[in-house]
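Examining the three-dimensional arrangement
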Amino acid sequence: MAEAYIVSAVRTAGGRRGGKLAGWHPVDLAATTIDAAVERAGVDPAALDDVIMGCVSQTAEQGLHVARNAVLASNLPESVPAVTIDRQCGSSQQALQFAAQAILSGTQDIVLASGVESMTRVPMGATGRFTPAFEPNSPKSPRLDEKYPGVAFSQFMGAEMIAGKHGFDRETLDAYALESHRRATAATQAGAFRDEIVPLEISDGNGGTAQHLTDEGIRFDASAEGLAGLKTLREDGVITAGNASQICDGASAVLVVSGTALKDHGLTPLARIHSFTVTGGDPVIMLEEPLFATDKALKRAGMSIDEIDLYEVNEAFAPVPLAWLRHTGADPDRLNVNGGAIALGHPLGASGTKLMATLVHALRARGKRYGLQTMCEGGGLANVMIVEAA
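What counts, and where the lines are drawn
Residues numbered from 1 in each chain as written. Predicted model: local features only at pLDDT ≥ 70, side-chain atom pairs only at ≥ 80, totals over all residues. Heavy atoms only, no water. Helix = DSSP H or I, 4+ residues; strand = E, 2+ residues; numbered from the N terminus. Buried < 20%, exposed > 50% of the residue type's maximum accessible area, 1.4 Å probe, protein only. Contact = heavy atoms within 4.5 Å. Areas by Shrake-Rupley, 256 points an atom, 1.4 Å probe, with all protein chains shown as cover. Lys, Arg positive; Asp, Glu negative; His and termini not counted. Charge placed at Lys NZ, Arg CZ, Asp CG, Glu CD. Disulfide = S-S within 2.5 Å. Arc of directions from axis to C-beta. Pairing = 2+ DSSP bridges. Phe/Tyr/Trp six-rings, centres within 6.5 Å; stacked < 30°, edge-to-face > 60°. Polar contact = N/O pair within 3.5 Å; in protein donor to acceptor, adjacent residues only side chain to side chain. Core = buried A, V, L, I, M, F, W, Y, C linked by side-chain atoms within 4.5 Å. pLDDT = per-residue confidence, 0-100. Right-handed = clockwise from strand over helix to strand, strands pointing away. Patch = residues over 30% accessible without salt bridge, like charges linked within 9 Å, V, L, I, M, F, W, Y side chains within 5 Å. Salt bridge = Lys/Arg side-chain N within 4 Å of Asp/Glu carboxyl O. Axes fitted to C-alpha atoms, helices over the stretch in contact; angles between N-to-C directions. Parallel < 35°, antiparallel > 145°, perpendicular 65-115°, else oblique. Left-handed = near helix turned anticlockwise from the far one by under 90°. Nonpolar A, V, L, I, M, F, W, Y, C, P; charged D, E, K, R; others polar.

**What about the overall build of the chain?**
- Within the chain one finds twelve helices and 13 strands.
- Out of the 390 residues in the chain, the part that is buried amounts to 56%.
- Within the chain, residue pairs in contact and separated by at least 24 positions form 79% of the contacts whose partners lie at least 6 positions apart.
- Surface accessibility of the chain: about 16,100 Å² in total, with carbon and sulfur atoms responsible for 50%.
- Where the 32 positive side-chain charges of the chain centre and where its 45 negative ones centre are 3 Å apart.

**What about the state of the cysteines?**
- Under the counting rule described, the total for this entry stands at zero disulfides.
- In this model Cys89 remains outside any disulfide bridge; the closest cysteine sulfur is found in Cys376, 6.2 Å from its own.

**Observations concerning helix 2 (residues 66-73)**
- If you check which residues of helix 2 are buried, you get Val66, Ala67, Ala70 and Val71. Along the axis of helix 2, the buried positions cluster into a sector of 140°, meaning they face one direction only.
- Buried positions along helix 2 lie against helix 1 (26-41), strand 3 (50-54), strand 4 (82-85) and strand 5 (110-118).

**Description of the pairing of strand 12 (residues 370-377)**
- Here strand 12 lies mainly inside the structure; eight of its eight residues are buried.
- Of the two faces of strand 12, the one lined by Tyr370, Leu372, Thr374 and Cys376 and the one lined by Gly371, Gln373, Met375 and Glu377 are each fully buried.
- Here strand 11 (residues 310-313) pairs with strand 12 via four bridges, running parallel. Within strand 12, the position partnered with Val313 by the bridge is Thr374.

**Observations regarding the packing of aromatic side chains**
- In the structure shown here, the tally under the stated rule is three aromatic pairs.
- Each ring, one from Tyr148 and one from Phe153, has its centre 5.4 Å from the other, and the planes form 70°; the classification is edge-to-face.
- Judged by centre distance (5.6 Å) and plane angle (75°), the ring pair of Phe156 and Phe317 falls under edge-to-face. A residue pair is termed long-range when its members are at least 10 positions apart, and Phe156 in helix 5 (residues 155-166) and Phe317 in the loop between strand 11 and helix 10 (319-328) qualify at 161 residues.
- The class for Phe156 is partly exposed, based on a relative accessible area of 43%.

**Overview of the side chain of Glu196**
- Note on placement: Glu196 falls in the loop between helix 6 (170-189) and strand 6 (197-198).
- At a separation of 2.6 Å, a polar atom in the side chain of Glu196 contacts the side chain of Thr358.
- In contact with Glu196, other than residues within four places in its own chain, are Ala9, Val10, Arg11, Arg40, Ala357, Thr358 and His361.

**With respect to the nonpolar core**
- Within the largest apolar cluster, 42 residues are counted, with the highest numbers of intra-cluster contacts made by Leu173, Leu287, Ile308, Tyr311, Trp324 and Ile386.
- Counting only elements with at least two residues in this core, the list comes to helix 5, helix 6, helix 9 (289-301), strand 11, helix 10, strand 12 and strand 13 (381-389).
- Those residues in contact with Trp324, other than ones at most four positions away along the chain, are Pro290, Leu291, Thr294, Ile305, Tyr311, Val313, Ala330, Leu335, Leu372 and Thr374.
- In terms of nonpolar packing, the next biggest core, distinct from the first, is built from 38 residues, Met53, Cys55, Val66 and Leu76 among them.

**A closer look at the confidence of the model for the chain**
- On average, residues of the chain carry a pLDDT of 95, and 97% of them reach 70 or more.
- In the predicted structure, residues 132-137 sits below a pLDDT of 50 and forms three contacts with residues beyond four places in sequence or in another chain.

**A closer look at the pairing of strand 4**
- As judged from the four bridges shared by strand 3 and strand 4, these two strands associate in the parallel manner. When the bridges of strand 4 are listed, Val51 appears paired with Ala82.
- Regarding topology, helix 2 serves as the crossover connection from strand 3 to the parallel strand 4, and that connection is right-handed.

**Describing a nonpolar patch on the surface**
- Taken together, the side chains of Met124, Phe156 and Leu233 make up a nonpolar region of the molecular surface, amounting to roughly 300 Å² of accessible area.
- Here Leu233 is to be found in the loop between helix 7 (224-228) and strand 9 (248-258).

**Topic: the packing of helix 1 against helix 2**
- For the pair helix 1 and helix 2, interaxial distance at closest approach is 8 Å and the crossing angle is 60°. With respect to their mutual orientation, helix 1 and helix 2 come out oblique. When the axes of helix 1 and helix 2 are compared, the crossing they make is right-handed. Packed against helix 1, whose contacting residues are Val27, Asp28, Ala30, Ala31 and Ile34, the element helix 2 presents Val66, Asn69, Ala70, Val71 and Ala73 at the interface.
- Counted by class, the contact of helix 1 with helix 2 contains eight nonpolar, one polar and one charged residues.

Structural data, given as C-alpha cells:
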C-alpha cells in the first residue's frame, strides 16, 4: 500500500506588518524556506518532482507565478517545476494535500508543499482591488449577487456570526486570546520552535545584521486588561484586533516523499500522512466549516476525536477554535498547545504548512502519535489532515 511521509517541516518566525521581515521580498523568503526544507531532509535538490506553493495575494511581488520564481531564486535546479495555488487561508494546507495525493497515486515520489505571504508588501485583499474601468468595482458577479443578494462576503462578519451563534461573549474571546499568547510565550521560552524555524538575516537597526528567530507578534506581557481596552471592529460586536489573528509575513515548507523515495534516498521520516479531506459549506458564516470538515475527516479515517493527541485549529478569530472545541467535544488542553495565530500570526497562504511544521514537531517533542490540523477558509471551505508521528 502506498504511503506518504513528511521528511522535513520548516517555517520562518513570523514578522509583524512593517516589522522585521518587511525588507524581505516574498520570492526570496519562499526560496530560503524551500532550501532549508530540502537541506534538512538531506535529499538531492534535483530529485524533487514538483513544488506546490500556496499564496493568497497573487499580485505585485507575489504575482507572475510566485512559486516558479521562488524555485528559480532557490538552490533547486531549473528542472524542478512549480505551481502556485489559492485556497485562501488553507492554500498551503491544500498544497500539502495535493503533494500527498501525488505521492499516494504513484505519479510522483518527492514533492515540496509550501506557502508564502508578505502581508506587509502585498496587503490582504490586493487581488480584488483592481478592475477595468468598464466593469463594476467588485469581484462579485451578477449571478453571484442574484444567489446571495445584498451579501458582502466577509470573514470579519463571519467571525461575529459564529460568536453570536455559539454564544461567545467578548470576555470569553479575550480569555482565549490571552491563553494563546501565554502558550506561545511558554513555547518560545522553552525552545519548542527551535527545530522548525528557519533563521533569516535581518537588519539589527544599528547598521549590522541579526538573525530573526522569534515570532514577532507574541505579546510576552499580554494581559486581560490590555485586551479589554481594545475597540471592537464593529460598534456592537465582540471581535477586536486582540482576539483575531495577526497580520503576518512568513513562509513555510513541508517535504513529502513516497516509501520508495524514503528508502532510495536514505531519508528519515518525521510523520506519515494518515488521512485528509476538504469540504465546502456556508459561504456567509464562512469560517464554521472546520467543524463539519473534522466530522467527515474523522469518519473517513475511522477515528474518534479522543484518539487524536494534538490539534492545530487555525486561530483566524477566537470564535473559530472555540466553536470547534464545543462541536467536537475535543480536549482544550490538546488544542494549539504552543499558541496559535492570535499570538504567532497568520501569514495567509503560508499558514497551512506553517501549522503542520508546528504540529509535527510538537507531536515528536511530546512523544504523541496522532495530530489533526484544520483551517477555516474564505468562501466557506475547510481542509483537514491527520498525521501520525514517526
